[in-house]
Structure formats: C-alpha cells, structure tokens
Amino acid sequence: MINKLIVLNAFKNEEQLCKLTLSELEYEYKKTQRDSHPHSETGLIRWTSKKL
C-alpha cells in the first residue's frame, strides 16, 4: 500500500506513510484514486442540452 501511494505521489516522503495504520493507508489510497479518476468531481463530463 505504501509503494502504491508513493507511485501516485500522494505523500512527499515515505516517513509520513510509515506512521499510518493499514486502515489509514487504505483510506488515503482510495481517496487518491477517487480524486485522480477522470470522472471525479473535477474531471466530470457534463452534458448540456441546447434548445433549437
């Protein structure tokens, strides 16, 4: 889990990650995945309808 978070650049250093519990690591990983997903809040594709 630590290696995955390092690859995703979720934390600046490994020392921060080593202090977290497994549950906290899993939470951070899921949060990072959600935030970087192309259909997340920031990358959401929104359809608009235009009246002709």
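Let me begin by describing the structure that accompanies this report. The model shown is predicted, which means the values in this text are computed figures rather than measured ones.

1. A word on the pattern of salt bridges
Then step 1. Throughout the structure, instances matching the rule amount to two salt bridges.
Then step 2. Between Lys19 and Glu15 there is a salt bridge whose closest N-O contact spans 3.7 Å.
Then step 3. Residue Glu15 is classed as exposed on the basis of its relative accessible area of 54%.
Then step 4. A salt bridge links Glu28 to Lys31; the nearest nitrogen and oxygen atoms lie 3.8 Å apart. In this pair, Glu28 and Lys31 both sit in helix α3 (residues 22-36), three residues apart, roughly one turn of the helix.

The rules behind each value
- Residues numbered from 1 in each chain as written.
- Predicted model: local features only at pLDDT ≥ 70, side-chain atom pairs only at ≥ 80, totals over all residues.
- Heavy atoms only, no water.
- Salt bridge = Lys/Arg side-chain N within 4 Å of Asp/Glu carboxyl O.
- Buried < 20%, exposed > 50% of the residue type's maximum accessible area, 1.4 Å probe, protein only.
- Helix = DSSP H or I, 4+ residues; strand = E, 2+ residues; numbered from the N terminus.

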